[in-house]
Each structure stands twice: as structure tokens, then as C-alpha cells.
Amino acid sequence: MHRDFLRHLKLVYIGNSAIKCLTVPVTLATAQLLSMVISFASAGDVAAVTKNALILLIVISAFTALHYAADVLLEKQKCKALNDCRMDFLVGLLRAPLPKLFRADYGELTENLSNDIDTLTKRYTDLYPSVIAGVLGTAGYLLFLLLQSPLIAVSLLGISLLQLIPPMLVKKYLQVNYDQCRDIEAQVTNHIIEAVDGFETIKLYGLKGRWQAKMAALHKEYLVVGQKSTAAFNAQIAMYRLLNNILKYGTYGLVGVYVMLGFCPMETAVQAIYLSGGLFEAVKTIFSMIPEFAVSQNAEKRLDKWQPSDKFAELPAGENRALDAENLTFSYEGRQIFDRFSFHFDPDKNYLLEGSNGSGKTTLFGLLAGFLLPEGGSAAIGGLDSARFGESPDPQRLFLVPQHDPEYTFDVETFFEMFGKEKKAAMIAAAKRLGAAETVLTGQSIRSLSGGERKKIFLAAGFAMAPCWLLLDEPTNNLDAYGKETLAAMMAERKGVIAISHDPDFARAADCRIRLGNRDHGGEECDHE
């Protein structure tokens, strides 16, 4: 991912590095001019003072104007590059396998995305340029001072190393508060998302009080953690301010003593005092940026896990496309749903899953599709683990049409366009074949459609995608008689369909029937307990 970021941020990276590095020779020149002004002033040479002061003013003014103009241009480029980075990430996120997104911790994802892209971007816009300039500044300032007075150079280097103390204290005593604050924020976000996703359940079973009680507990914990984090931040700021005063006034005093003892001339003392600020800042930058690189690496790891992998190649025609469940074991809330369930689904056949409510039909779909992770065993297409479907360039291994259709706010045409022009045409044809009216296909939002109309739209998408395996959960729900008849015909025309249905007329579309949860077998070859 860092290569994609660098591609967008290259101009900002180079420009910011150049401006920061240019500060070093300008600062050295300013120190030299300032010492000359003071030297001529001590000698009473008004003309020389005026001349060098004017040059000093021109240098500082020109660099300030250049710095301001560069900051404006780089900030505009940075905003554009950051937006491009976000778009690249979101495109990659949408290419991630659906099982991974389905099982995602959305609280963690939201919290990470609000910070991690900015953190990774900062590596190229600020960290690298700052470290480069810091190393150049430290070397440049020390070399300049060594040529003037080795004693002052060594003394200022020693004083600058005092800045290593605060980062060590922050890492050991304060960072834990920041981490705890971020963790509790993720928990609060998760709890809010749970309320949104389960709003109907909360209202139906009167769980509002329980949800509010948990939110109150989380809020109370957040206040405690937040107060600790705020106190840690204030302590950190106070510590840095104290150290800055020690560095600043300690340098003044030490250099003054050296002048009084005759260890260095006044001109060198002026240069040392002026350059001390740049030296301290350069040394501080180098050491303060080191932890930032570790933070950016962790951010990159968190972002990378949402990016697709091309590890698996597309399944060539004629290769093994069988769907195999091997020793699947799964339980829910202490109830055993599957205990070492195994079955070989032949890609040249269609299957109908039957069984009473609670027998595990929809759960089996979740396990086959990778939405649920089994406690034991595996499900695979052609040997590829179902939990990783979609990580290859081929997005058509498996397509699931759920029992409850999504109620999108955009219209059907927009939905079909998301699959590309070729697939859009196939989906429109399939929807019309299922009996969808022309008015349904244009203009109306999916949410406004009736249940039967929505079902036809999503069934059309599933068949038009022509996946290796098409999973249909109660596909006849809300369909009219014509839709049911056409669906059975479409299912019979292709193979690799697994359907869950209680509709007795739909059974004829399947080659094999699998009854779950009891011993009432529906055939011989494909029966399974």
C-alpha cells in the first residue's frame, strides 16, 4: 500500500523535503550575518552594520515569502493527494472478499480509518522530510560550530541530548492512557452500530433499557479513561515546556560563561546562541520521529489487512469447481448446530436444502460462503478455503442471494451499473424474464419496490453474474406464480445452485435434496442427516 501512497504524495514529499532542507543553509547564513552585524556594531562601523542588516533582512524576507508560497502550493497538493489515497483505499476495500467484510469489526474499522490513512500519509508529507532535514541540520550546525569552537559544539550536542528524556517517559508512562482511550472509543462505536443494525430487535423485545445501560457503562468508563488521557497530555505538554526553558536559558548561561572565561569570542557566542535553537530542534525531530515511524507501520498493517490479495488465480474452465464441506463443526449460544458435517456438492447438480426452522440451513449457507467461521473443519471450492473467496481476480466463485433483500435507496439501474455494462445488460434481461416491469427497472429506488419486485432484482443479479455456485435463501418468498415458475426454469438451465426453500413446487428444480436436522430423507444419492 505504501507504493500507492507514495505515487500520490511524491510531489509533496519532494517539495516539503526541499523546503525543510533549505532552512539549514538559510539559518547558517543568517547566523553568520547576525554575528557580523554585532561585530561591526561593537566596532562602531555604522555603514557596515547598515549594509549587513539590510542583507539579513532581504535573506529572511525572501525565505519567508518562498516558504509561505511553497506551503500554500504543497497544502493544496497534499489535500488532493490525500483524497486520492482515500479513494484508492476505498476501491481496494470494495475489492476485499465479502466474507472478510461481513465478519469485520466495524467499530475498529471506523476508528482505524479515521486515523490510519492520515497517519500513513503523514509518513511521506512530514516524517521523511522532517528526518532528512533533521539529519542535515544536525550535521550542518555541528560542523559549523566545530569549525568555530569545538567546546561549544560538544556542549550544545550534550545539552540537546536531554531531549531524549521526555519521549522515554511518554512511552513508558503516558502512552498506555492514549491506547486505552482509543480502545474504549472503538467499543462505543461498536455499540452504536449494534443499535443501528439491531434496532428492530431492540424495539421488538424491549431491550432499550439494557442497551442504554451498557452505553452508560461505556460512557462512564470513557470519562475515566478520557480524564487520564487528558491529564497525561497536559503532563506531557508541561514536561516539554520545562525542558525547552532549560535548554534555552541553560544555553544562554553556558555560552555567556565561555565568553567571560575567554573560551570563545562574542561573534562565535552569538552564532552559537542563534544556531542552538535549530540544533535542538533538529536533534529533537530525529528522535521524536522514530516512534512515529513505528506508529505509521502499525497503521499500514491495519490498512493492509483490508486490501485484497491476488494469491489465488482464477479457476480455469474445466478445473475442479466442486464445493466441499469437510467436518464442519459449529455451535451458537451453546447449541450444537453442526458436528463434523461433511458433504460433496457436485458442480454439475443443483441442490435443495430442506429442514425445519432452526435445523441449520441458513447457518450452513453462512459456513459455505465464509460469512461464518467454523469451530472445526472447512468449506472450499476447488480446494480454496471459502473464508477467502473473492481474494482472487475472479469475483464469481460464489454469489449469495439472502432471504431478506437489501433496501437500497438508489434505483435498480444504478445497482446494475455497478457490475459493469456487460453484466448490466444480462441483469436487465434476467429481471425482465422473471417478470419485472419496465417501471421497476428505471427510476424507482430499490427501497420503494415491493418485496416480490426486489426479489426479482436480486435474483436477476445472481443469475447474470454466472458464478461457480449460486446460493439462494428462500428465493420464492414474495414471488408471484409466474416468477416462481420462471425461477425454477432458470435454475434448471444451469448447475451449481444450492437453494433453501419450503415451497413444495420448487423441489422439482433440484437434482438432489438434502434434509437437515432429522432422518426424513428426500432421496438416496444426496440425502444427508
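What counts, and at which threshold
Residues numbered from 1 in each chain as written. Predicted model: local features only at pLDDT ≥ 70, side-chain atom pairs only at ≥ 80, totals over all residues. Heavy atoms only, no water. Pairing = 2+ DSSP bridges. Helix = DSSP H or I, 4+ residues; strand = E, 2+ residues; numbered from the N terminus. Axes fitted to C-alpha atoms, helices over the stretch in contact; angles between N-to-C directions. Contact = heavy atoms within 4.5 Å. Phe/Tyr/Trp six-rings, centres within 6.5 Å; stacked < 30°, edge-to-face > 60°. Buried < 20%, exposed > 50% of the residue type's maximum accessible area, 1.4 Å probe, protein only. Parallel < 35°, antiparallel > 145°, perpendicular 65-115°, else oblique. Left-handed = near helix turned anticlockwise from the far one by under 90°. Nonpolar A, V, L, I, M, F, W, Y, C, P; charged D, E, K, R; others polar. Salt bridge = Lys/Arg side-chain N within 4 Å of Asp/Glu carboxyl O. Core = buried A, V, L, I, M, F, W, Y, C linked by side-chain atoms within 4.5 Å.

### Quick word on the sheet that holds strand β6 (residues 398–401)
The strands that make up a sheet pair up through hydrogen bonds in the backbone, lying either parallel or antiparallel.
Then, number 1: Read across the sheet, five strands follow the order β6-β7-β8-β3-β9 without closing on themselves; strand pairing throughout is parallel. With partners counted over all chains shown, the strands left at the sheet margins are β6 and β9 (512–515), one partner each. Each adjacent strand pair in this sheet contributes to an overall mean axis angle of 15 degrees, direction not counted.
Then, number 2: Across the sheet, helix α10 (residues 361–369) lies against β3 (351–354), β6, β7 (469–473) and β8 (497–500), angled at about 150 degrees from β8, the strand it touches most.
Then, number 3: This element, helix α14 (residues 451–465), spans β6 and β7 of the sheet and lies at about 170 degrees to β6.

### Observations regarding the environment of Val-49
Then, number 1: For Val-49, the location among the structural elements is in helix α2 (residues 46–95).
Then, number 2: Residues Val-49 and Val-37, spaced twelve residues apart in sequence, show a C-alpha to C-alpha distance of 5.1 Å.
Then, number 3: If near-sequence neighbours (up to four positions away) are discounted, Val-49 is found in contact with Val-37, Phe-40 and Ala-41.

### Here we look at the packing of aromatic side chains
Then, number 1: Per the stated rule, a full pass over the model turns up 17 aromatic pairs.
Then, number 2: Between Tyr-124 and Tyr-128 the ring centres are 5.6 Å apart and the planes differ by 50 degrees, which places this aromatic pair in the tilted class. Residue Tyr-124 and its partner Tyr-128 are located together in helix α4 (residues 106–148), separated by four residues, close to a single helical turn.
Then, number 3: The class of Tyr-124 is buried, set by a relative accessible area of 3%.
Then, number 4: On the accessibility criterion, Tyr-128 (30% relative accessible area) is partly exposed.
Then, number 5: Seen from their ring centres, Tyr-408 and Phe-410 are 4.9 Å apart, and the 15 degrees between their planes marks the pair as stacked.
Then, number 6: Residue classification places Tyr-408 among the partly exposed residues on the basis of a relative accessible area of 31%.

### Comments concerning the packing of helix α12 (residues 421–433) against α14
Then, number 1: It is at 8 Å that the axes of α12 and α14 come closest, and there the two elements cross at 130 degrees. Between α12 and α14, the interaxial angle falls into the category oblique. When the axes of α12 and α14 are compared, the crossing they make is right-handed. Residues Lys-423, Ala-426, Met-427, Ala-430 and Ala-431 of α12 pack against Ile-457, Ala-460, Ala-461, Ala-464 and Met-465 of α14.
Then, number 2: For the contact of α12 with α14, the class distribution of residues is nine nonpolar, no polar and one charged.

### A short note on α10
Then, number 1: For α10, a buried count of eight out of nine residues is recorded, marking the element as mostly surrounded by other parts of the structure.
Then, number 2: Those residues of α10 that fall on the buried side of the exposure criterion are Lys-361, Thr-363, Leu-364, Phe-365, Gly-366, Leu-367, Leu-368 and Ala-369.
Then, number 3: At the exit of α10 stands Gly-370, carrying a positive phi of roughly 85 degrees.

### Looking at the pattern of salt bridges
Then, number 1: Using the criterion set out here, one finds 17 salt bridges in the structure.
Then, number 2: Asp-339 is paired through a salt bridge with Arg-340; the nearest N and O atoms lie 3.1 Å apart.
Then, number 3: Assessed through its relative accessible area of 56%, Arg-340 is described here as exposed.
Then, number 4: For Lys-455, the salt bridge is made with Asp-405, and the minimal N-O distance between the two is 3.3 Å. Here the residue Lys-455 occupies a position in helix α14, and Asp-405 occupies one in the loop between β6 and α11 (412–417), the gap between them amounting to 50 residues.
Then, number 5: With a relative accessible area of 0%, Lys-455 lands in the buried category.

### Description of the nonpolar core
Then, number 1: Counting 36 residues, the largest nonpolar core has Val-412, Ile-457 and Leu-472 as its most contacted members.
Then, number 2: Of all the secondary structure elements, the ones that give two or more residues to this core are β6, α11, α12, α13 (438–441), α14, β7, α15 (481–493) and β8.
Then, number 3: Sort the elements by how many residues they give to this core and α14 lands first, with eight residues.
Then, number 4: With near-sequence residues (within four places) excluded, Leu-472 lies in contact with Phe-365, Val-401, Leu-459, Phe-463, Val-497, Ile-498, Ala-499 and Ile-500.
Then, number 5: Ranked by size, the runner-up nonpolar core spans 28 residues in total, among them Phe-330, Phe-341, Phe-371 and Trp-469.

### Side note on the environment of Ala-499
Then, number 1: The residue Ala-499 is located in strand β8 in this model.
Then, number 2: The class of Ala-499 is buried, set by a relative accessible area of 0%.
Then, number 3: A sequence separation of 98 residues divides Ala-499 from Val-401, and the C-alpha atoms of the two residues are 9.6 Å apart.
Then, number 4: Those residues in contact with Ala-499 that sit more than four places away from it in its chain are Tyr-351, Leu-352, Leu-353, Phe-365, Leu-472, Met-491 and Phe-506.

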